[in-house]
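Observations on the model geometry
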Amino acid sequence: ALFGHFLTGPARGYGADFMLRVWELFVDRGAATALDEELRQGDANLTSTWVEFITGTFFNGTESQYQFYADQTLLAPPQLDEEVLTSSTPPILFDELRQARAGVKLLGLAGPSNVKLQIIDAPPDYTARVVLDSGRRTPFNLSREPWFGTGLHSLSKLVIVTGAKRGPIEVLAVVSDTSFA
């Protein structure tokens, strides 16, 4: 139900007619296909919209651009197992991703003050976002171009949310005490 409010409310602004069209398609195509087809009529797809919903709802709820229901700021982010990044951390693999499913990882730092995140392998239709410190700030999109976080400390947390229709997404995480050249 919350995803429907997200789609029809001010966050995405598709309106009630959007959900009516999805419902009409749902009868013949199923929920995920109906949503994806209708979203593709505009500027999105189900994968990117689902990742935006997960990121905005659970990790950026206090940002006004992600507000779509009154009590959203009371929603606590989910409890995640933390994976600590060190200078020898191998690439992080988000596997078993299916349509309408998001992968979420919480990363902590073991002292290094700089981090580089980069998609090194992914299916063609993927979305990946990172939220710094899970402090409900505006997320950054991850791509095959490196994303750099500098001046971080051992209390810094990174939340990565990914989505793909099918197939794994591999994220390279590199940490360093010095800046990247």
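All of these numbers come straight from a predicted model, not from anything done at the bench.

Moving on: the overall build of the protein chain. Scanning the protein chain from N- to C-terminus turns up four helices and nine strands. Along its sequence from the N terminus, the protein chain presents helices and strands in the succession α-α-α-α-β-β-β-β-β-β-β-β-β. The burial tally for the protein chain puts 43% of its 181 residues in the buried class. When contacts within the protein chain are restricted to residue pairs at least 6 apart in sequence, long-range pairs at least 24 apart make up 73% of them.

The subject of this paragraph is the sheet that holds strand β7 (residues 147-149). Strand order in this open sheet of four strands is β2-β9-β4-β7, and the pairing throughout is antiparallel. For this open sheet the edge positions go to β2 (92-94) and β7, each flanked by a neighbour on one side alone. Here the average twist between neighbouring strands, direction ignored, is 20°. Taken together, the seven bridges between strand β4 (residues 114-121) and strand β9 (residues 169-176) define a ladder with antiparallel strand orientation.

Okay, the pairing of β9 next. The pairing of β2 with β9 spans three bridges and is classified as antiparallel. If you follow Ile92 over to β9, its bridge partner there is Val171.

This part takes up the pairing of strand β5 (residues 126-132). With seven of seven residues buried, β5 is to be regarded as a mostly interior element. Because side chains alternate across β5, one face comprises the buried residues Tyr126, Ala128, Val130 and Leu132, and the other comprises Thr127, Arg129 and Val131, equally buried. Pairing of β5 with strand β8 (residues 157-164), which is carried by seven bridges, proceeds in the antiparallel orientation. For Arg129, the partnering residue across the bridge sits in β8 and is Val161.

A separate point is the nonpolar core. One recurring pattern in soluble globular proteins: nonpolar side chains tend to sit buried together. Judged by nonpolar contacts, the single largest core of 23 residues is most densely connected at Leu85, Leu117, Leu142 and Leu158. Broken down by secondary-structure element, the contributors of at least two residues to this core are β2, β3 (102-109), β4, β5, β8 and β9. Contacts of Leu85, omitting those with residues within four sequence positions, involve Ile92, Leu107, Gly108, Leu109, Ala110, Val115, Leu158, Ala173 and Val175.

A few words on the sheet that holds β3. Spatially, the five strands line up as an open sheet ordered β1-β3-β8-β5-β6, and their pairing is mixed. Looking along the sheet, the strands with just one partner apiece sit at the ends: β1 (82-85) and β6 (140-141). Relative to β8, β3 is paired through seven bridges, and the arrangement is antiparallel. Considered in β8, the bridge of Lys105 is made with Ile160.

With that settled, the discussion passes to the packing of aromatic side chains. What characterises a pair of aromatic rings is the spacing of the ring centres plus the angle enclosed by the ring planes. Scanning the model with the defined rule gives six aromatic pairs in all. With centroids separated by 4.9 Å and ring planes inclined at 80°, the aromatic side chains of Phe3 and Trp50 adopt a geometry described as edge-to-face. Of the two residues, Phe3 sits in helix α1 (residues 2-8) while Trp50 sits in helix α4 (residues 46-59), which places them 47 residues apart along the sequence. Trp50 carries the same exposure label as Phe3, and that label is buried. With a centroid separation of 5.1 Å and an interplanar angle of 65°, the aromatic rings of Phe3 and Phe53 are classed as edge-to-face. Of this pair, Phe3 sits in helix α1 while Phe53 sits in helix α4, and the two are 50 residues apart along the sequence. Overall, the relative accessible area of 6% leaves Phe53 in the buried class. Among the aromatic residues, those joined into a ring-pair cluster are Phe3, Trp50 and Phe53.

Scoring rules and cut-offs
- Residues numbered from 1 in each chain as written.
- Predicted model: local features only at pLDDT ≥ 70, side-chain atom pairs only at ≥ 80, totals over all residues.
- Heavy atoms only, no water.
- Helix = DSSP H or I, 4+ residues; strand = E, 2+ residues; numbered from the N terminus.
- Buried < 20%, exposed > 50% of the residue type's maximum accessible area, 1.4 Å probe, protein only.
- Contact = heavy atoms within 4.5 Å.
- Pairing = 2+ DSSP bridges.
- Axes fitted to C-alpha atoms, helices over the stretch in contact; angles between N-to-C directions.
- Core = buried A, V, L, I, M, F, W, Y, C linked by side-chain atoms within 4.5 Å.
- Phe/Tyr/Trp six-rings, centres within 6.5 Å; stacked < 30°, edge-to-face > 60°.

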